[in-house]
Each structure stands twice: as C-alpha cells, then as structure tokens.
Amino acid sequence: MDELLIIKNLKTYFYTDEGVVKAVDDVSLRINRGQTLCIVGESGCGKSITAMSILRLIPDPPGKIEGGEIIFEGKDLLKLSDDEVREIRGNKISMIFQEPMTSLNPVFTIGNQIIEAIMLHQKLDKKEATKKSVEALKLVGIPRAEEIINAYPHELSGGMRQRAMIAMAMVCNPTLLIADEPTTALDVTIQAQILDLMRKLKEETKTSIMLITHDLGVVAEMAEYVTVMYAGKVVEEADVIELFKNPKHPYTLGLLESKPQIHIDKEKLYSIPGQVPNPFNLPKGCYFFPRCERAMEICKEVMPTLKEVGNGHKVACHLYGGDNNE
Amino acid sequence: MRQYITRRLLEMIPVLIGISILIFVIFQLAPGDAVSAIVDPKTSAETKAKLREQLHLNEPILVQYKYWVMDILKGQWGESFYYKQPVSRVINSFIWNSFYLSLASFLLSAILSIPIGVLSATKQYSKFDYIFTIFALIGISMPSFFFGLLLIKWFAVDLKLFPVSGMTNPGSTATGFALFKEVMHHMALPLIVLTLGSLAGLMRYTRSSMLEVIRQDYIRTARAKGLREKVVIYKHALRNALIPVVTIFGMSLPGLFSGAIITEQIFNWPGIGPIELQAVNTRDYPLLMGINMLLALLTLLGNLIADVTYALVDPRIRLK
Amino acid sequence: MQTVRSVEAKIREEKILGPWQLAWIRLKRNKLAMLGLYILIFMVLLSVFGPMISPYNMETLDLSNISAPPSLSHPLGTDEVGRDVLTRVMYAGRISLSVGIVAVLISVLIGSIVGAISGYYGGIIDAVLMRIVDIFMCFPFLPLLLMVAAVMSDYKIHPNYRIYVVMFIIGILSWPGLSRIIRGQILSLREQEFIQAAEALGLRDRRKIFRHLLPNTFSSIIVSATLEVAGAILTESALSYLGLGVTPPTPSWGNMVNAVTDAYVFQFYPWRWVPPGICIFITVMAINLLGDGLRDALDPKLKH
Ligand SMILES: Nc1ncnc2c1ncn2[C@@H]1O[C@H](COP(=O)(O)OP(=O)(O)OP(=O)(O)O)[C@@H](O)[C@H]1O
Ligand code: SF4
Ligand SMILES: [Mg+2]
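What this report covers is the structure whose coordinates are included nearby. Being a predicted model, the structure only gives us computed values, none of them experimental.

The rules behind the values
Residues numbered from 1 in each chain as written. Chains lettered and ligands numbered in written order. Predicted model: local features only at pLDDT ≥ 70, side-chain atom pairs only at ≥ 80, totals over all residues. Heavy atoms only, no water. Patch = residues over 30% accessible without salt bridge, like charges linked within 9 Å, V, L, I, M, F, W, Y side chains within 5 Å. Areas by Shrake-Rupley, 256 points an atom, 1.4 Å probe, with all protein chains shown as cover. Salt bridge = Lys/Arg side-chain N within 4 Å of Asp/Glu carboxyl O. Lys, Arg positive; Asp, Glu negative; His and termini not counted. Charge placed at Lys NZ, Arg CZ, Asp CG, Glu CD. Helix = DSSP H or I, 4+ residues; strand = E, 2+ residues; numbered from the N terminus. Buried < 20%, exposed > 50% of the residue type's maximum accessible area, 1.4 Å probe, protein only. Donors = N, O, S within 2.8 Å, 3.2 Å for Na, K, Ca; no water. 1 Å grid on protein atoms, 1.4 Å probe; cavity = no way out; pocket = protein on both sides within 12 Å on 5 of 7 lines; lining within 4 Å. Points joined across faces, edges and corners; volume = space filled by probe spheres on them. Nonpolar A, V, L, I, M, F, W, Y, C, P; charged D, E, K, R; others polar. Near = heavy atom within 4 Å. Polar contact = N/O pair within 3.5 Å; in protein donor to acceptor, adjacent residues only side chain to side chain. Pairing = 2+ DSSP bridges. Contact = heavy atoms within 4.5 Å. Axes fitted to C-alpha atoms, helices over the stretch in contact; angles between N-to-C directions. Expected span 1.5 Å × (residues − 1). Bend = angle between axes of the 7 residues up to and from the residue.

## Focus: a positive patch on the surface
All names here are of chain C.
Step number 1: A contiguous patch of positive charge on the surface is contributed by R204, R206, R207 and R211.
Step number 2: Note on placement: R204 falls in the loop between helix 9 (193-201) and helix 10 (205-213).
Step number 3: A relative accessible area of 56% places R204 in the exposed class.

What follows is the structure, given as structure tokens:
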C-alpha cells in the first residue's frame, strides 16, 4: 500500500502550572493514499492534539512536540523549516477544526477568507480566486454562493459555517484532509450531508482523510482503517471491518457496547464505568486498569505495548499476545 | 446605523438627567447662600432679597432645578463669580489650550501604544515584554503631580532645557511658526507626564487584548491555511484586537478636555485644569457647575463615539 | 520552575488543597508579586512602628534647626519649623495608607451590596441601579471629586477630621466599577447548581445573597479591592497635594509634597518633598504588583 503519512512515536506534552500533560504519548499511526483513517476515543484522549501536531499548530507555550517523526510524502514535517511547513499547510494538508462557530475570523467575509488561501497557494489573481471560491462554496452545497461570499461568519448558521470551513480546506485540493469532529456541532440531517460531501470529495479527488470522531456510526460509514486512543496512547488499531467484527481491547469493546442506536445526547455517548484518568496522576501499569473489567495482576504494574495479533490488527493489552494469547 | 445611533442617543437622556440632578444636588449641599457669594457684604438686605428673587432662590428646590436646567438648555450657563463673565465665555477661552495639549498626548500614546502592545503580546515573556511591563507599571504607579515636579526640577530648573511653566514666554509676540515652536517647547514636559500615564494603560490594554485574540480558534485557522506569521498577526489578529482598543480610545476622548487637570496645574498650562482648581478654591460655583456639566456631556458624547466606532470596526454589531 | 512544580505535585498528593491554598502557592511562586508584598509589608511596618521608634515627635518644633539638609541625626533633614522629615513621612504613611484602605472598604461595601442586589433580583431593580452606576461612571472622576471636595471644604471641617471626609468621599465615588463586576459574577453564579440547591432548600433571599452568592465573588473582590487601594492612595495624594484632601498640620504624603509651592523649597530643599513623593510611588507600585499577582493567582484562566 502506498503510505501518505506515517507518524512514529509522536510525543506532544503540555507544561502547565499543575504539571505536565502528556496529551500525545508515543503515538504511531499510518494513512494510506486515498484512504480514510478514523481516530476514536473519549474526550481528552489526545485526538485533536495528534492532528494539530501534524501541522505543527500546537500552541507553544504551553505545548511542545517532544519527540517522534511525522513523515509526509517521505519528508519529516518536524524537521522542516517554518517556511517549508507553511508551504504544506492549507495546500497539501488542510484541516477542518472541531469548532465551526469560532474557527472563522469574525471580521472578514467568508469570501475574503477563502480567497486568501487560494491566492496564497495558487498563483491566481483576485478575480479568478473569487470565481474559484464561489465554485468551492457551491461544491459544498451552499446555496446562493455569490451572496454568501460577501457574508460575515456571524451571519451564517453553524452548518453553513462548517461547510464554508470545508470549502476553505478543500479549495486547494489537499492530498490529506484532517477533519476534527467535523459534524459534532451540527444537527443530524446536516451531519449526514457533510459526511456525504466528504465521501464524494474523497472519491472525486482521491484525497486521503484523517477523520476524528466520537461517533462509531460515522466510523462504520466512513473509515477504511481505525485507530482507538486512550489517555494519549493508541490502544488498538485495525481495518474497519476487522475492528467491528473482532474488537479486542476491553476499552474498544466498551465503546462498541455503549454505542447507542439513536443518539440523543452526543456528549454522553459512552458509559464505560469509571472516569477518564487524571492526566497528572496516571496509573503505573495499563492506563485503562482502574476501569477494566478484565484486569489482571500484571496490568497494575506493567504497561502493555502495542502488538500485532494478526490481520494487521494491533492491540495494547495483556490479554493478547505473549502468554495470554486467546 | 442611523437607527443604532438614535437608540443610543435616546438611552443617553435618562443618564443625562441623572447627571444634572447629581451636579445640582452636590451644589445644593454647599453651605451658605449663593447671593452672599456674588455681592459684596455691604449690599443692603433689600438688594439681596431682590437678587434672591431673581435667582429663584426662594422657590422650592424642584422649581430651582427646573430653572437651572432650562437655563442650561438655553445655553445660559450663568456668570462666573470670579471672572464676572459668562461661564461659557470663560470656558471657551481656556478649554482649547487643554485640548491642544491633550490631543498631542492622545496621538502620541495611540501611535506608541499599539505597536508596543502588539509586540509585547507576540513576544510574551521576552525581554521587550518585560521592559515595557515594568515601564507600564511605573506609568500607572507614578503620581502625575510628583512626576511633573521631578521633570521641572531636573529639566527646567537644573538643566534649563525647557521652560518651567506656561504655554508661551511671558510677553511673547511670536506668531506663525515661531509661535508653534515656542508652544511646542513649553508643551514638551507636560506632554511627557500626560503621555506616561495614558501610554501605560493603553499599552497594557492592547497587549492583553492581543493575547486574548491570538488564543482564538480563528488564528489557528489562519495559521493552518499556511499564512505567514506577519499576516496572521497584523491582518487576522490585530484587526480583532483593535476592536476593544478603539472603544477605549473613544472613551478617552472626553479626557482630551479634562484629563490633564493636575498636570496643567503643575505646569501652569493655561487650560481648563487650573481654572477648575481656581474655581474650586474661590467657590466659583457657576463656573464649576458649568465645567462639570460640559465634561459630563463630553463624556457621554465620547461614549457614543466609542459605540459607533465599535459598530464600525466590528461587523457583528453592524446589523443589530 | 521544574522543582517548584514537583514540590507542588507532592503537596497535592498528600492532601487535596483548597482553592485558597492553591492560590497562595501560585502567589508565592510569582516573584514580582512577592516583591510587592514585601515592600508593602515594609511600608506598613514603617508607618505603624516608625513613629514610635523615632526619637522625634512629629509635631515638635526645633527652631534652631530649620530646613536642615539630611544628616545622621535627621536622615531626611528637617522642615521649615525644624520638625524631623523622616518622622513626618512615616506618620504621613499611616494617614495615606489608612485613607486608602478605609476608602476602599467603603467602596467595597457599597459596591458589593449594590452589585449583589442588582445581579440577584435583576429586572427593574437591576435596571435602575445600573443606570445610577452609569451616571457615576459617565462622570470624569477627578472633576467630580474636586466638586465634592470643594463643597465639603465649605463646611469648615476641623483639619483633624478632614481625613475622614476624604476617606468618605473617595469611597463613595469609587464603588460603581466594582458593583458592575460583582453584578456580572452574581448573574452567572445564579445559574449554577449550588444556588439552585439553595433555592430548593427555600433559603431567604438575604441569606442566599450574603452566605452563598457573595462569598463566591470574594476572589474578584479581593483583586479589585487591592488594585483600588493603589488608586485611592494616588487619589488622596493628588487631592492633598492640591490642598483639598488631608490638610496640615496632619501630614499625608500628598500634602507634604505640597511644600513645593514655596519655590525655594522646590529648588533647594528637595529632601522635603522628594521622599514623600517616592513613598507614594513605591507603595502604589507595590500594591499594583501584588494586585496583578493576586489576579493571576486567584484566576489562573485569566493569566497572560
Ligand atoms: N493548551 C493546552 N494546555 C494544556 N493542556 C492541554 C491544552 N490543549 C490540550 N490539552 C490537554 O491535552 C489533552 C488532549 O486534548 P485533545 O484536545 O487532543 O482531546 P480530544 O481527544 O480532541 O478530546 P475532544 O474529543 O474533547 O475533542 C487533554 O487532556 C487536554 O487537557
Ligand atoms: S492491559 Fe489489563 S487493564 Fe489494560 S486493558 Fe488489557 S486487561 Fe484491561
Ligand atoms: Mg478534540
């Protein structure tokens, strides 16, 4: 398979007054060309920070990428100069952020903000850029695009803003689109439209997508490959069919079990007993230990590592691999 | 926009009434009787009584208030006890000197505070930020009268670089550019004192506004587009950070006429400050009431200008 | 930094710290704020105990030794009637500091009550109170102060009591800002759970406001009050310098600087007016440092 992005042992830490938060701790993952990778996990497990690390958008201070490699088209993004990274941002890799309401600059028109990206990366003049942004807005299903282009963000609904964000992200035909919970803020019908749209874009432009989501329904619909994160670490990764058919990690099992048929309250999606561990006071062994129903003695002391259990399926749990192979 | 301004103007009316009541009440609290203050003590009781009648001093307090407000609306602000001239004429002959001084200070602090504040924010915790943090701290902690005195002592008395006081040389007949130069020379020290005070505040304000903005999601979006850091800061961030700063500028406009009372006094600058203090000391109540009413009006006007500029720079307000 | 963090982490492990203890730990880590605190403590000690230790009495004249320059026996020289300037500066510190503190206490008292009532009851009460606040805020502070001071002066109050008048005037004119802050906080607190719990318990309004709501705004009150003390000291000094505040023979830092109205003193006896001026500056700066530090410590979210 043709690998577009490989993340190896990424570590992104935050140095706060209360202590060090290892938001992303030794995370490795891979995205193939033309494929969609979904990252799932509870709130605060480090999904967004992983995504932002790729574009080196971590606020510093307090954040810092402390180690690892992010290899995109053969080059380590962490070793590039600031100028070289800027060439890639918004051009080859673009990102849709989690918060559509606040991610657009309130004092510039939608058009202004899209045109800016086009003129930066494609040597087009203002007129052509304007034409192109109208097309991009039409593509994401915004009606009356010629008018909307002159609107300010506050004049649009959340769904419209998110579409505008997507248009902005897609307009330079990126090879990789990172979408951080692009639909959480939206209501269900619009969610479906946006996902549809992303799928269409992927088919038409062969864009790879890294999709971050809470919603396993979305995963089933969109992903080719899935990575499950817990407390800054990858605990399981597999092909989407394999993962749904044959989930291994107790945490993943919990996620699948608590998946509601119709979700009313997106925030309270999961009900795995216990709480997300305190980032300042992580258990010594497996981070999931305090909540795990199948925990063993060894789990308390030794942190499990990510091991292949066949079919390209990897899991970090003492129940699998070694002596405990099922 | 017109609707917005009209609404704001209407909202000002109750506040204005409140202010006039406040001023009126404060002066009603003054002991003694306005008549004895105006006339010389030898005046006969009869004349005094007549005068009381004329000034409506025998009427109930509400009626007195009504007369006073009517007079103000008609532009009759009374006559200054001390100058024996209409209050409006006294004010008019001094207020522009205050305006020149304060305007110069306002422009200077605006020009300096924005770049310093922006740089302090983008280079937070750098040496630059640190130096100006201390500078601002000194600026807000230094009593202006003491700072003014120190400057006079060092630069005017000891080093003789600048004149000690006034706006022009005594008996000066300079005109045109020579006059301008002379005034500038006199203005230098008071300008420093005034600017230190306002610069400190504005600088810190710009800094914290900028710090607030650069944490916003849309700044991250701008970076994610691949924009150069300069564009991110000076186009995307600054435009937002300036919104509250502009408001502060608007609100400091009335200060152009009254913000320099103490500094003007120290440097004997012939503005409204020394006149107001003199009016306080001579209990020239009509003049005091006039000055205060004018300042309150200007403040309201300044707030209105602040609101309007706010609406102009922030598209989110425009529609409302 | 690293070691401080680990120390803090250790303390945290041993027992859960209350918000005030945490704030204190954060404050202690802020070098500038601590510098401000130490300077402030020094100035307070100097003003409280200095005059007691000093061999001179604030009011004792020594006509054989007038306007003497600083010397060993008079570190800051003497004034025009031979009184020891250092002793007077220390005594003036008592006056200036207590005017600042009492004025702010008055302002906090009014400001928090108005703010709490306004925020709690909302509706027409809120509208009326906030309009009144608007009126006060629409007034340039100094002219208003001068006007009130002028009227007060007409009552020919005995100089010994003028200090109370000054405290009162500054206090009564500076509450509106604080009341707005408190109101805003009460508004948002009201929505929170524990007040709804109190609501369910059927507590009386007064109890709800004073026992449950106001205590939750203490951190903002403390920060604003601290910074306001600095402002009040500056205001008092300016008023007294202008002869409209505390008047001689009671010394205050402001009215001591007023000695410069004598041009000869201004030019040749700087020890008579520079030290009190520096005292104002240092004290106000110390309070500002402490106030900024308190803000960062009590509300880390606001920290820049
Ligand atoms: N600026 C910051 N300062 C300190 N800690 C931070 C900062 N940003 C993120 N973190 C921490 O990093 C961890 C991971 O955050 P992240 O935003 O990646 O979570 P997430 O998985 O995207 O969650 P969600 O589903 O809620 O978006 C969290 O524990 C968070 O507290
Ligand atoms: S390692 Fe142990 S505690 Fe962790 S998930 Fe597996 S079984 Fe549970
Ligand atoms: Mg996230």
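## A few points about the coordination of the magnesium ion (ligand 3)
Residue and element names in this part refer to chain A.
Step number 1: Protein coordination at the magnesium ion (ligand 3): the donors are S48 (OG) and Q98 (OE1), at 1.8 to 2.3 Å from the metal. Taken together, the residues S48 in helix 1 (residues 47-54) and Q98 in the loop between strand 6 (93-96) and helix 3 (110-121) connect sequence positions 50 residues apart.
Step number 2: Classification of S48 by relative accessible area gives buried; the value is 16%.
Step number 3: Its relative accessible area of 26% is what places Q98 among the partly exposed residues.

## Notes on empty space enclosed by the protein
Step number 1: Taken as a whole, this structure holds four cavities of 30 Å³ or more when the rule is applied.
Step number 2: A volume near 80 Å³ is recorded for the second largest cavity.
Step number 3: Along its surface, the second largest cavity is lined by G90(A), S94(A), M95(A), F97(A), A117(A), M165(A), M168(A), A169(A), T221(B), A224(B) and K225(B).
Step number 4: Of all elements in the fold, only strand 6 and helix 6 (158-170) of chain A together with helix 9 (217-224) of chain B reach the threshold of two or more residues within the lining of the second largest cavity.
Step number 5: Of all the elements, helix 6 of chain A adds the most residues to the lining of the second largest cavity, at three residues.
Step number 6: Its residues placed into classes, the lining of the second largest cavity shows seven nonpolar, three polar and one charged.

## A closer look at the site of ligand 1
Residues and elements named next belong to chain A.
Step number 1: The environment of ligand 1 is made up of 14 residues, and the closest members are S43, G44, K47, S48 and Q98.
Step number 2: Between ligand 1 and G44, the relevant distance is 2.7 Å, taken from an oxygen atom to a main-chain nitrogen or oxygen of the residue.
Step number 3: Between G46 and ligand 1, the recorded distance is 3.0 Å, taken from a backbone N or O atom to an oxygen atom.
Step number 4: At the level of elements, strand 1 (3-16) and helix 1 are the ones that each hand at least two residues to the shell around ligand 1.
Step number 5: A per-element tally of the shell around ligand 1 places helix 1 first, with three residues.
Step number 6: Residue composition of the shell around ligand 1, grouped by class: five nonpolar, seven polar and two charged.

## Structural notes on the sheet that holds strand 7 (residues 176-180) of chain A
Residues and elements named next belong to chain A.
Step number 1: Taken in spatial order, the eight strands line up as 6-7-8-3-9-10-12-11 in an open sheet, and their pairing is mixed. Across the chains shown, the open sheet's two edge strands, defined by having one partner strand only, are strand 6 and strand 11 (307-308).
Step number 2: Set on the sheet, helix 1 makes contact with strand 3 (36-40), strand 6, strand 7, strand 8 (208-213) and strand 9 (225-230); between it and strand 8 the angle comes to about 150 degrees.

## Quick look at a nonpolar patch on the surface
Step number 1: Together, Y38(C), I41(C), V44(C), L45(C), V48(C), F49(C), M52(C) and I53(C) make up an exposed nonpolar region whose accessible area comes to about 790 Å².
Step number 2: Residue placement: I53(C) occurs in helix 3 (residues 31-53).

## A look at helix 5 (residues 87-122) of chain B
Step number 1: If you check helix 5 of chain B, its first and last C-alpha atoms are 50 Å apart, about what 36 residues at 1.5 Å a residue would give, namely 52 Å.
Step number 2: A maximum bend of about 30 degrees is found in helix 5 of chain B at F94(B).

## Considerations on the side chain of K202(A)
Residues and elements named next belong to chain A.
Step number 1: Residue placement: K202 occurs in helix 7 (residues 188-205).
Step number 2: Given the relative accessible area of 12%, K202 is considered buried.
Step number 3: Here K202 is in contact with G34, Q35, T36, T207, I209, M222 and E224, once residues within four sequence places are set aside.

## Overview of the site of ligand 2
Step number 1: If you check the shell around ligand 2, you find H249(A), P250(A), C286(A), F288(A), F289(A), C292(A), R294(A), C299(A), P304(A), C317(A), H318(A) and L319(A) and nothing else.
Step number 2: A class-by-class count of the residues in the shell around ligand 2 yields nine nonpolar, two polar and one charged.

## Brief notes about the side chain of S209(B)
Step number 1: Among the secondary structure elements, S209(B) is positioned in helix 8 (residues 176-214).
Step number 2: Those residues within four positions of S209(B) in sequence are excluded, and the remaining contacts are A241(B), P244(B) and V245(B).

Functional significance is not addressed by these values, which are geometric in nature.
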